[in-house]
Protein chains: 2
Amino acid sequence: MVDVAARAGVSVKTVSRVVNNAPYVQPELAQRVLAAVAELGFRRNHLASSLRSGQATATIGLLIEEIANPFYATIAGAVAEVASDHDTMLLIASSEEDPAREQQLLRDLCARRVDGLLVVPAGEDHSFLQSEVDLGTPAVFLDRPAGELRADTVLLDNRGGARAGVRTLVEAGHRRVGILLDSTSVYTMRERLAGAREALAAAGAAIDDRLVRDGIRDPGTAARVVGELLDQPDPPTAFFSLNNRISLGAVEELHRRGSTAALLGFDDFDLARLLPYPFTVVAYDTRALARAAAELLFRRIAGDPSEPRSLLIPTDLVERGLPGR
Amino acid sequence: MVDVAARAGVSVKTVSRVVNNAPYVQPELAQRVLAAVAELGFRRNHLASSLRSGQATATIGLLIEEIANPFYATIAGAVAEVASDHDTMLLIASSEEDPAREQQLLRDLCARRVDGLLVVPAGEDHSFLQSEVDLGTPAVFLDRPAGELRADTVLLDNRGGARAGVRTLVEAGHRRVGILLDSTSVYTMRERLAGAREALAAAGAAIDDRLVRDGIRDPGTAARVVGELLDQPDPPTAFFSLNNRISLGAVEELHRRGSTAALLGFDDFDLARLLPYPFTVVAYDTRALARAAAELLFRRIAGDPSEPRSLLIPTDLVERGLPGR
DNA sequence: CCAGGGCCTGACAACGTTGTCAGATCCTCG
DNA sequence: CGAGGATCTGACAACGTTGTCAGGCCCTGG
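Reading guide: rules and limits
Residues numbered from 1 in each chain as written. Chains lettered and ligands numbered in written order. Predicted model: local features only at pLDDT ≥ 70, side-chain atom pairs only at ≥ 80, totals over all residues. Heavy atoms only, no water. UniProt positions renumbered as here; feature names shortened; annotations may be inferred. Helix = DSSP H or I, 4+ residues; strand = E, 2+ residues; numbered from the N terminus. 1 Å grid on protein atoms, 1.4 Å probe; cavity = no way out; pocket = protein on both sides within 12 Å on 5 of 7 lines; lining within 4 Å. Points joined across faces, edges and corners; volume = space filled by probe spheres on them. Nonpolar A, V, L, I, M, F, W, Y, C, P; charged D, E, K, R; others polar. Pairing = 2+ DSSP bridges. Axes fitted to C-alpha atoms, helices over the stretch in contact; angles between N-to-C directions. Contact = heavy atoms within 4.5 Å. Least-squares fit on C-alpha atoms with pLDDT ≥ 70 in both. Buried < 20%, exposed > 50% of the residue type's maximum accessible area, 1.4 Å probe, protein only. Salt bridge = Lys/Arg side-chain N within 4 Å of Asp/Glu carboxyl O. Near = heavy atom within 4 Å. Polar contact = N/O pair within 3.5 Å; in protein donor to acceptor, adjacent residues only side chain to side chain. Phe/Tyr/Trp six-rings, centres within 6.5 Å; stacked < 30°, edge-to-face > 60°. Lys NZ or Arg CZ within 6 Å of the ring centre and 35° of its normal.

### Thoughts on the UniProt feature "domain: HTH lacI-type" (unreviewed entry) in chain A
- The residues that UniProt annotates with the feature "domain: HTH lacI-type" (unreviewed entry) are residues 1-53 of chain A.
- As annotated, residues 1-53 of chain A comprises 68% helix and 0% strand, and the C-alpha atoms at either end are separated by 16 Å.

### Some words on empty space enclosed by the protein
- Scanning the entire structure with this criterion turns up three cavities of 30 Å³ or more.
- If you add up the space inside the largest cavity, you get close to 190 Å³.
- When contributions to the lining of the largest cavity are tallied by element, the ones reaching two or more residues are helix H4 (46-52) of chain A together with helix H4 (46-52) of chain B.
- Counted by class, the lining of the largest cavity contains four nonpolar, eight polar and two charged residues.

### Remarks on the sheet that holds strand E1 (residues 59-64) of chain A
- The sheet built from 12 strands is open, its strands ordered E11(A)-E5(A)-E4(A)-E3(A)-E1(A)-E2(A)-E2(B)-E1(B)-E3(B)-E4(B)-E5(B)-E11(B) with mixed pairing. This sheet does not close on itself; its edge strands, each paired only once, are strand E11 (310-313) of chain A together with strand E11 (310-313) of chain B. With strand direction ignored, the average angle separating the axes of adjacent strands in the sheet is 20 degrees.
- As paired elements, strand E5 (residues 152-156) of chain A and E11(A) share four bridges and run parallel to each other. Considered in E11(A), the bridge of A:Leu155 is made with A:Leu312.
- Those strands touched by helix H6 (residues 99-111) of chain B are strand E2 (89-94) of chain A together with strand E1 (59-64), strand E2 (89-94) and strand E3 (116-119) of chain B, and its axis lies near 160 degrees from that of E3(B).

### Let's talk about the relation of the copies chain A and chain B
- Expressed as a screw operation, the relation of chain A to chain B combines 0.0 Å of axial shift with a rotation of 180 degrees, fitting to an RMSD of 0.1 Å. Taken together, these values place the two copies in the relation of a two-fold axis. Across chain A, the smallest distance between a C-alpha and the rotation axis is recorded for A:Leu91, namely 2.2 Å.
- Interface overlap between copies is the fraction of interface residues in one copy that are interface residues in the other; for chain A against chain B it reaches 100%, indicating a shared surface.

### Details of the environment of B:Ala203
Residues and elements named next belong to chain B.
- Within the secondary structure layout, Ala-203 lies in the loop between helix H9 (187-202) and strand E7 (212-213).
- Overall, Ala-203 belongs to the partly exposed group, its relative accessible area being 30%.
- C-alpha of Ala-203 to C-alpha of Thr-188: the two residues are 15 residues apart in sequence and 23 Å apart in space.
- Each residue touching Ala-203, except ones within four places of it in the same chain, is listed here: Val-170 and Arg-175.

### Remarks on the pattern of salt bridges
- Overall, the coordinates contain 60 salt bridges over all chains when judged by the stated rule.
- A salt bridge links B:Asp108 to B:Arg112; its shortest N-O distance comes to 2.5 Å. Assigned by exposure class, B:Asp108 and B:Arg112 land together as buried.
- Three or more residues joined by partner-sharing salt bridges are found here, namely A:Glu81, A:Arg287, A:Arg291 and A:Glu295.

### Some remarks on the protein's contact with DNA strand D
- Surveying the vicinity of DNA strand D reveals 22 residues, the closest of which are A:Thr14, A:Arg17, A:Leu29, B:Ser16 and B:Arg52.
- The separation between a base nitrogen of DNA strand D and a polar side-chain atom of B:Lys13 is 2.7 Å.
- Between DNA strand D and B:Arg52 there is a distance of 2.6 Å, counted from a base oxygen to a side-chain nitrogen or oxygen.
- Those elements that place two or more of their residues in the surface near DNA strand D are helix H2 (12-19) and H4 of chain A together with helix H2 (12-19) and H4 of chain B.
- Split by residue class, the surface near DNA strand D holds eight nonpolar, seven polar and seven charged.

### Considering the environment of A:Gly161
Residues and elements named next belong to chain A.
- Note that Gly-161 resides in helix H8 (residues 158-171).
- Here the alpha-carbon distance between Gly-161 and Asp-115, two residues 46 residues apart in the chain, equals 34 Å.
- Discounting chain neighbours no more than four positions away, the residues touching Gly-161 are Phe-266, Val-282 and Thr-315.

### Topic: the packing of aromatic side chains
- Tallied over the full model, the rule gives eight aromatic pairs over all chains.
- Ring geometry for B:Phe269 against B:Phe279: centres 6.0 Å apart, planes inclined by 85 degrees, an arrangement best described as edge-to-face. Of the two residues, B:Phe269 sits in the loop between strand E9 (262-266) and strand E10 (280-284) while B:Phe279 sits in the loop between E9 and E10, which places them 10 residues apart along the sequence.
- Taken together through their ring pairs, the aromatic side chains of A:Phe71, A:Tyr72, A:Phe266 and A:Tyr284 make up a single cluster.
- One cation-aromatic arrangement involves A:Arg192 over A:Phe266; the distance from NZ or CZ to the ring centre is 3.9 Å.

Written as structure tokens, this is what we have:
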């Protein structure tokens, strides 16, 4: 900048004014400055600028579990759109479900003085963010609630969606429902399971805990577990799969066996139409979830001082039949 | 930092030394500093730090077309892993295939003084990056070559893969091959098309340009175009679809009609096993592409001064049969 | 006993930018 | 004709940090 100023024969302050489109600069001087900028290939240092002018790095941090996962990629895409509307860049970090890594990454994002944080939490305790939030870095949590921290939260209606879905199973006469899930350590899974229990309880059907199977991480395992449940005496007449990775394995196994058991899944698929065995799913709008969170964050960044808010994004029952009937 | 120094009764420089684990600090003083840091909730300002110490913002920029697209999400995931190994954060921007936007975003990333750039180019001319590269911000292009700029490039073997794929069609006796593509304005599409032409030419089968259909952006259009081609006199006996969005529509339409035409696709699918109509695809390792590019970038950041390199990631023919036979 | 080196600390300037303020010029209006 | 405002410009300090350097202490070895 000093070089540009020297070249244009003006002060650095005038250069600063020109590159920031500040008012009150003679057109002729501005021309000279612009020429010098072009000749010297000058580019304003955004870091120095936001250091000096206090806040506004025009960057927000997004912390998710894993960028390559389509769910999080969709979130990232929707957040990027909203950020772009606010001329803001996106710093993305993946916690890989590791609370220690999450904490370190969040600290790092704060050290980079992001204007705000969007977090899909992995850990249980986010009190370490309290000081940052107090110091003016707003944080919005999405998909899962924050632990030990009062903050804005945008969640899916996991419980309500699961309840509505399982109710259709119940109404179709099913009482023995196999429930397939990833891990109860994840909030969304617990909520979906709770919703399923509520729907069964409402029908007076106590849930059979031997039909609830945990720790299913991939379609292969899901297929195996479905097989095991079907092979035991008094097998389930329907399955509720708590995410689409599991649904995939389940549908394959049911198809392979020509089973008539019903299947209900949480999470929709892109390629649902192509599956050999259509089934009803509890769908939701991932982009709406992410957009709501991002928009809330930008309201906070703009200075909205109101009480922390909790938004619930509705789910949608997409009926593709219950093939087991 | 001055507050911490005051609280601990030391100079700011000593605080700096402690928070950077510099040697030659009395353990007792370090203790006092650490205590003050904890009490005051001090967090080092990474911006100021990298401003003062010259380079190394420990951030790289990734410019892609669209984050929500699984191809780019996979790239982002692999890049994030490599970046994480180098304790580097990832600033991600989406050009949405708009060259003007791409240029603006790249300039913005440079203004943020990223240590390096990873670019899936949208535009044709990247000479505006020359000054940045000269000034020490290395750039690596991936999936598509840079325009008007000598720079490292990591590409898929689009042409070779298409040639190998179409050769299998030719060997199976097909001479009339319908070719379905998105847009010839995209480099990868042109290469794949060229590979297909080469394979057909090698068999002495001149390509019939009426069978090459352009501008197919979604599965629905793909399905319609397949129908049109099949309905015309002397229809193709095989199709080569240049990306998986198109393959999806094509396979649906072929399935719907019970057609015996063969189908070959570029791009593999996650759910390929579940498709009702298996077909051979030209697959590739997106993660390998991205990792190679990221690793090359970090070598440049570390100071590797060698000539710009061009890497070619091989494709892999995954034979799932040619159902048309 | 002193030279020389390792250990430890702090004052100061600087990174590239912009907020603040003072000053200069010009115009307008009473 | 002068006061007051609008327009324009630059000197200076400051943002939060770290590189440089000077200086102090203590030890070791000749």
